[in-house]
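Descriptive structure summary
Now for the letters of each chain:
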Amino acid sequence: MNPLIQKQNFLSSPLRMVIGGQHKDASDGARLSVVDPSTGAEFTTLPAGGAEDADAAVKAARNCFESPAWQKMKPVTRQRLINKLADLIEEHAEELADLESIDGGKPRGIARASDVASVIDVFRYFAGWATKLTGETLDVSVPRMPDGEFFAYTSKQPVGVVVGITPWNFPISMAAWKIAPALAAGCTIVLKPAEDTSVTALRLAELALEAGFPEGAVNVVTGRGSEVGAALVAHPDVDKVSFTGSVATGQAIGRAAMDTMKRVTLELGGKSPVIVMPDADLDWAVTGAAMAIFFNQGQTCTAGSRLYVHKSIEAEFMARLTEQAKALKIGAAYEDGVFFGPMISESHAQKVSKYIEVGDAEGVTFTLRGQRLDREGFFVSPTIMSGTHQDMQVVQEEIFGPVLAASTFETEEEAIKLANGTQFGLAGSIWTKDIRAGHQMSAKIQAGIVWINCHNLFDPNLPFGGVGLSGVGRDLGKSAVEANLEQKSVLLRLE
Ligand code: NAP
Ligand code: MG
C-alpha cells in the first residue's frame, strides 16, 4: 500500500474533468482505472471522455476566448493571473509532488525537487512574456503603386483555441509546457493528459480557477488518446495542437491536423547520443552518462540511450559506469532516498524487458543485465549493453526505459557519424575539457539541443524540440509563445 495515497484529499472523491469551470464526468459515464506503478494497484478511476466531451471542452475554450472579458483583458492582468497560478502551485507543491509520485511512479523527492519546482519556474517565466509581445513596423516599397506614404506593421494575435496533448513521463511538467505559453499568448486551452497520468493536470485545472482564470480558459479532459484525443485533433474549431509523445502518434496527429490547417507543434521521441572524448573529466562524465540514461528510469525523451566512449578510456569508463548503475537505489516511489522507481505500467515494463532480450539475440555484451524485479509494481532494473553496432535494433529504436547501448569510437569524425546515425534528432551531449572542440562538434550534431559537459538540463528560456523524426517546432522559450501567436501584416495607405 502506498502511504502517500491516504494523505491526499484530492484522491478521496472521484476524479472529474474540468470543462468550462465545471467538474464533469464523461458524457456516457465511462471510467478508466488509474494504477500506482509502485504497487500495481488501482488507486482511483478517471472519466473516459469521448467525442462529446471533447466538443464540450472546445466550446468552453472558444466561448471563453471570444468573451469580451478575455478579449479585452490587459496583458498585465494575464501576467498576474499566470503568476498567481505559479504561487498556488508553490503553495501546493508538496501535494502536487505526492500526486505526481503516486500516479507516475516518480521518486517522491525527485517529483518535488525537479518536476514541481521546474513547473513553478515555467509558469513564472511565461507570465513575463504576456506583457512583452510585440509586432514590428516595416519600411515598404509597394510595387506598382505611385510614390506615396504607406505605413506598415505587424501585430501578434493569439491563435485562438489550443489543444495540448501530453505523455506520461513528465505529466505536470508537460502540462505546464503547453498551458503556460498558450495563456501568455492570450489563447485558451484544452489539455488531454496521458491516461496513465492525468491526476496532476486535473489538480492544475482547479488551481487555475482558484487563481482567477475565467471558466473555460483552462480545460482538462481525460480518457483515451484514440478517442477523446483524436476527437480534439479532428475538431474544426481548434486552432492549434501542441503534442508531446511518440513518433507514430505525432505523425497521425500532424496528418489529421492538416485537414483543417491547424498549427502544430510536435515533440516526439529520441535516441540521444552521449559522446565521451578521451580528455573528458571522468568523474563528471561517468555520473553524467549514468544520469543521462537512468534518470526517470530512462523514460525520458532526451535520455542518453546511446553511449559512444573513446576507445582509449573504454575499460575504465564502462567499469565505473556499471558500478554507479549497480549502486542506484531502486524502490517504490514513496520510499525515502529512492532514485530509481518503477516503469509506468505493466505493458511498458514488458516492452522494456523485451528489448533486453532483443539485445541478447543481437549479440550485445551485458556489462549489466537488467531484469524484472520479483516484487509488486512494474520494476525493471538498469541494463548496460556494450559492443553494440549501429544497425542493431537496440541502437536504432527508442526503448524509453533504463537500457543503455554503448560502443566506442576512435576519431571525432567517427563519433559525429555515429551520433547522427539514427532517424531521430532530439538531443545529445559531448563530454570534453576542450571547450573549443565541444563547441565545434555541437554544430555538427543533428539535434534540437546539444549539452556540453551536462545532459538532461532544461531552462524555461531555452527552446526545446527536435529535428528529423523527433518533431516539428519548439516548446519553451520565446519560440513557444510565438508558436501560439499568429502574425498579422497591416498595410495602411496614408495618401
Ligand atoms: P503516446 O502514446 O504518443 O501518447 C502521448 C499522448 O497522446 C497521450 O496523451 C495519448 O493518450 C495521446 N494519444 C494517443 N493516441 C492519440 C491519437 N490518435 N490522437 C490524439 N492523441 C493520442 O506516447 P506515450 O507512450 O504517452 O509517451 C512516450 C513517448 O513520448 C516516447 O516515444 C517519448 O519519446 C515521447 N516523448 C517525447 C517528448 C518530447 O518532448 N520530445 C517528451 C516526452 C515524451 P493515451 O495516454 O490515452 O494513450
Ligand atoms: Mg498511473
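The coordinates are above.
**Focus on the nonpolar core**
- Counting 108 residues, the largest nonpolar core has Leu 307 and Phe 317 as the members making the most contacts within it.
- Those residues in contact with Leu 307, other than ones at most four positions away along the chain, are Val 274, Val 276, Ala 289, Phe 317, Met 318, Leu 321, Leu 404, Ala 405, Ala 406 and Ser 407.

**Structural notes on the packing of aromatic side chains**
- Within the structure shown, the criterion is met by eight aromatic pairs.
- Plain terms: the ring middles of Phe 151 and Tyr 153 are 5.9 Å apart, the flat faces sit at 40° to each other, and that makes the pair tilted.
- Relative accessible area serves as the criterion here: at 38%, Phe 151 is assigned to the partly exposed category.
- The exposure class of Tyr 153 is partly exposed, given its relative accessible area of 28%.
- Measuring from ring centre to ring centre gives 5.3 Å for Phe 458 and Phe 464, while their planes differ by 75°; the resulting arrangement is edge-to-face.
- Residue classification places Phe 464 among the buried positions, given a relative accessible area of 3%.
- One aromatic cluster is present, built from ring pairs that chain together Trp 177, Trp 451, Phe 458 and Phe 464.
- Cation over ring: Arg 375 sits above Phe 379, and NZ or CZ is 4.3 Å from the ring centre.

**Regarding the side chain of Thr 44**
- Tracing the backbone shows Thr 44 in strand S4 (residues 41-47).
- Residue classification places Thr 44 among the buried positions, given a relative accessible area of 9%.
- If near-sequence neighbours (up to four positions away) are discounted, Thr 44 is found in contact with Leu 15, Leu 32, Ser 33 and Val 34.

**Here's the deal with the sheet that holds strand S18 (residues 449-452)**
- The seven strands are arranged S14-S15-S16-S13-S12-S17-S18 in an open sheet whose pairing can be described as mixed. Two strands in the sheet have a free side with no partner beyond their single neighbour: strand S14 (365-368) and S18. Each strand of the sheet is rotated relative to its neighbour by a mean of 25°, with strand direction disregarded.
- Relative to strand S17 (residues 427-431), strand S12 (residues 273-276) runs parallel, the two sharing three bridges. In the sheet register, Val 274 faces S17, and the bridge partner there is Ser 429.
- Here helix H15 (residues 412-419) sits on the sheet and contacts S12, strand S13 (306-310) and strand S16 (403-409); the angle it forms with S16, its principal contact strand, is near 150°.
- Docked against the sheet, helix H16 (residues 435-444) engages S12, S17 and S18, running at close to 170° with respect to S18.

**A closer look at the sheet that holds strand S6 (residues 150-158)**
- In spatial order, the strands read S5-S6-S20; together these three strands make up an open sheet with antiparallel pairing. In this open sheet, the two edge strands, each paired with only one partner strand, are strand S5 (137-138) and strand S20 (485-493).
- Looking at chain direction, S6 and S20 are connected through nine bridges and run antiparallel. For Phe 150, the partnering residue across the bridge sits in S20 and is Arg 493.

**Things to note about the site of ligand 1**
- Glu 195, Gly 225, Ser 246, Leu 268 and Glu 398 are the nearest of the 29 residues found near ligand 1.
- Within the backbone of Gly 225, a nitrogen or oxygen atom sits 2.7 Å from an oxygen atom of ligand 1.
- Relative to its unbound accessible area of 890 Å², ligand 1 is 86% covered by the protein chains.
- In terms of residue count, the dominant contributor to the shell around ligand 1 is helix H9 (residues 225-234) (four residues).
- Classifying every residue of the shell around ligand 1 by side-chain character gives 13 nonpolar, 11 polar and five charged.

**Points about the coordination of the magnesium ion (ligand 2)**
- Distances from the magnesium ion (ligand 2) to its protein donors, namely Val 35 (O), Asp 103 (O), Asp 103 (OD) and Asp 196 (O), fall within the range 2.5 to 2.7 Å.
- Between consecutive donor residues of the magnesium ion (ligand 2), the sequence gaps follow V-x67-D-x92-D. Of this pair, Val 35 sits in strand S3 (residues 31-36) while Asp 103 sits in helix H5 (residues 93-104), and the two are 68 residues apart along the sequence.

**Notes on the packing of helix H2 (residues 51-66) against H9**
- Here H2 crosses H9 at 45°, and the two axes come no closer than 8 Å. If you check the angle between H2 and H9, you find them oblique. Seen along the crossing, H2 lies across H9 with a hand that is right-handed. Touching Ala 51, Ala 54 and Val 58 of H2 are Val 228, Ala 231 and Leu 232, all from H9.

Cut-offs used in this document
Residues numbered from 1 in each chain as written. Chains lettered and ligands numbered in written order. Predicted model: local features only at pLDDT ≥ 70, side-chain atom pairs only at ≥ 80, totals over all residues. Heavy atoms only, no water. Core = buried A, V, L, I, M, F, W, Y, C linked by side-chain atoms within 4.5 Å. Buried < 20%, exposed > 50% of the residue type's maximum accessible area, 1.4 Å probe, protein only. Contact = heavy atoms within 4.5 Å. Phe/Tyr/Trp six-rings, centres within 6.5 Å; stacked < 30°, edge-to-face > 60°. Lys NZ or Arg CZ within 6 Å of the ring centre and 35° of its normal. Helix = DSSP H or I, 4+ residues; strand = E, 2+ residues; numbered from the N terminus. Pairing = 2+ DSSP bridges. Axes fitted to C-alpha atoms, helices over the stretch in contact; angles between N-to-C directions. Near = heavy atom within 4 Å. Polar contact = N/O pair within 3.5 Å; in protein donor to acceptor, adjacent residues only side chain to side chain. Areas by Shrake-Rupley, 256 points an atom, 1.4 Å probe, with all protein chains shown as cover. Nonpolar A, V, L, I, M, F, W, Y, C, P; charged D, E, K, R; others polar. Donors = N, O, S within 2.8 Å, 3.2 Å for Na, K, Ca; no water. Parallel < 35°, antiparallel > 145°, perpendicular 65-115°, else oblique. Left-handed = near helix turned anticlockwise from the far one by under 90°.

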